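Examination of the molecular architecture
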Amino acid sequence: LARFDSIMTAFLTGTSLPAVETPREPDKPAELPFWARRDGLAPAPNRPGYTLAGDAYKGNPGAPVVVVEFSDFQCESCVRHALEVQPRIDSTFVDTGQVLWVSKHLPLKKHPYAALAAVAAECAGDQGRYFEMRQRIFATTATWAQPDAETKLLALASELKLDPVAFERCFNGRPALERVMQDMADAQGIVQRTPSFVILTDGTTGSIAARGAAGFTRPAP
C-alpha cells in the first residue's frame, strides 16, 4: 500500500517515479528441531518405546499425525488431561494407529516437585514402564507432591514392581535429570505453559503448531 501511495503521489505532483525496489528473496523455512523431524521420531533400535531423539512414545511410529505433549506433573490441567482426556484419545486415535503420541517434560518453576516426578518417569522408562509410571504419578499428585516427594516417588516405583536398585540408582544419578533438562530446552520458543501439544502432520517439511491448554501458544517456524 505504501508503494502504491508513493507512485500515485508522484503522478499527481509531476515528480519522478520512485525507484523500483528489487524483490527480496523469500526466507527459507527454518528447519524443524531433531525431536520433531521424522528421523528424530523414528524408534530407537536399542531403547524400545523411545524415539531416536530420546522421547517416550506410544502408538504407530508411521502414523500420519504426531502429537508431542509437553507436561508438568504438578499442573492441574495436565492431571485432568492425563486422567480424563488421554484415555479417550488413546482408544480412539493412538491405539488405532492414527496418531503417534510423544511425551516430553516441562516442569514449571512454580511447581517445586515436578522435576523430581519427571525424573521418576524417565527412570521407569529405563525399565520399559514409562507410561505406566507417568499415569500413576498423575493419579497420585496430591499425595506425593510434598516435601518428602522423593520417598513417595520411590514408593510408587515399588508399587509397579520395578527393580528397586536400578530405579534408585537412576533416580539419584544424572542421566535421567539431563533428559528432563533437555526437554525443557526443547520447549524454549515453542511452548510456555502446560499442557501444550505440538501437532505435526508432516515431520519432514511441515511446520509446528503448538496448542496450549488455553489456546494456541506462540507458533514456531
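Our subject is the structure listed above.
Right, let's walk through the structure included here. (Residues numbered from 1 in each chain as written. Predicted model: local features only at pLDDT ≥ 70, side-chain atom pairs only at ≥ 80, totals over all residues. Heavy atoms only, no water.)

Focus on the packing of helix H5 (residues 130–139) against helix H7 (residues 149–159)
Close contact between H5 and H7 brings their axes to 10 Å; oriented N to C, the two are set at 130°. With respect to each other, H5 and H7 are oriented oblique. Taken as a pair, H5 and H7 cross one another with a handedness that is right-handed. On H7, the residues that touch Met133, Arg136 and Ile137 of H5 are Leu153, Leu156, Ala157 and Glu159. Of the residues belonging to the contact of H5 with H7, the class tally is 5 nonpolar, no polar and 2 charged. (Axes fitted to C-alpha atoms, helices over the stretch in contact; angles between N-to-C directions. Helix = DSSP H or I, 4+ residues; strand = E, 2+ residues; numbered from the N terminus. Parallel < 35°, antiparallel > 145°, perpendicular 65-115°, else oblique. Left-handed = near helix turned anticlockwise from the far one by under 90°. Contact = heavy atoms within 4.5 Å. Nonpolar A, V, L, I, M, F, W, Y, C, P; charged D, E, K, R; others polar.)

What about the state of the cysteines?
Chemically, a disulfide is nothing more than a covalent bond linking the sulfur atoms of two cysteines. For the structure on display, the rule yields 1 disulfide. Here Cys123 pairs with Cys170 through a disulfide, and the sulfurs are 2.1 Å apart. Between Cys123 and Cys170, the S-S torsion sits near -85°, and that sign places the bridge as left-handed. Of the two residues, Cys123 is situated in helix H4 (residues 114–125) and Cys170 in helix H8 (residues 164–171); the sequence distance between them amounts to 47 residues. On the basis of relative accessibility, which here comes to 1%, the residue Cys123 falls in the buried class. You can call Cys170 buried: its relative accessible area is 14%. (Disulfide = S-S within 2.5 Å. Buried < 20%, exposed > 50% of the residue type's maximum accessible area, 1.4 Å probe, protein only.)

Details of the packing of H4 against helix H9 (residues 175–187)
Across the interface, H4 lies against H9 with an axial gap of 9 Å and an inter-helix angle of 115°. Along this stretch, H4 crosses H9, giving a crossing that reads as right-handed. Between H4 and H9, the residues in contact are Ala118, Val119, Glu122 and Cys123 and Ala176, Leu177, Arg179 and Val180, respectively. Here the residues of the contact of H4 with H9 sort into 6 nonpolar, no polar and 2 charged.

Describing the pairing of strand E2 (residues 65–71)
Burial runs high along E2: 6 of the 7 residues are buried. Across 7 bridges, E2 lies against strand E3 (residues 99–105) in parallel orientation. Note on E3: the bridge partner recorded for Phe70 is Lys104. Handedness of the crossover is the feature at issue here: the chain leaves E2, passes through helix H3 (residues 76–94), returns alongside E3, and the resulting connection is right-handed. (Pairing = 2+ DSSP bridges. Right-handed = clockwise from strand over helix to strand, strands pointing away.)

What about the packing of aromatic side chains?
With the rule as written, the count across this model stands at 6 aromatic pairs. The interplanar angle of 85° and the centroid separation of 4.9 Å between the aromatic rings of Tyr130 and Phe131 together place this pair among those described as edge-to-face. Connected via pairs of aromatic rings, a cluster forms that spans Tyr50, Tyr130 and Phe131. The lysine or arginine in question, Arg47, covers the ring of Tyr50, its NZ or CZ lying 3.5 Å from the ring centre. (Phe/Tyr/Trp six-rings, centres within 6.5 Å; stacked < 30°, edge-to-face > 60°. Lys NZ or Arg CZ within 6 Å of the ring centre and 35° of its normal.)

Description of the nonpolar core
Among the nonpolar cores identified, the biggest contains 32 residues, and Phe73, Met133, Ile137, Trp144, Leu153 and Phe167 are the most heavily contacted of them. Those elements that place two or more of their residues in this core are H3, H4, H5, H7, H8 and H9. Here this core gets 7 residues from one element, more than from any other, and that element is H4. Residues contacting Trp144, with those up to four places away along its chain left out, are Phe73, Gln74, Tyr113, Ala117, Ile137, Ala149, Lys152, Leu153 and Leu156. (Core = buried A, V, L, I, M, F, W, Y, C linked by side-chain atoms within 4.5 Å.)

Quick look at unusual backbone geometry
The omega torsion of the bond from Thr194 to Pro195 falls at -10°, within 30 degrees of zero and hence cis. On the secondary structure map, Pro195 appears in the loop between H9 and strand E4 (196–200). Phi angles above zero are rare outside glycine, and Lys161 is one such case at about 60°. Structurally, the position occupied by Lys161 is in the loop between H7 and H8.

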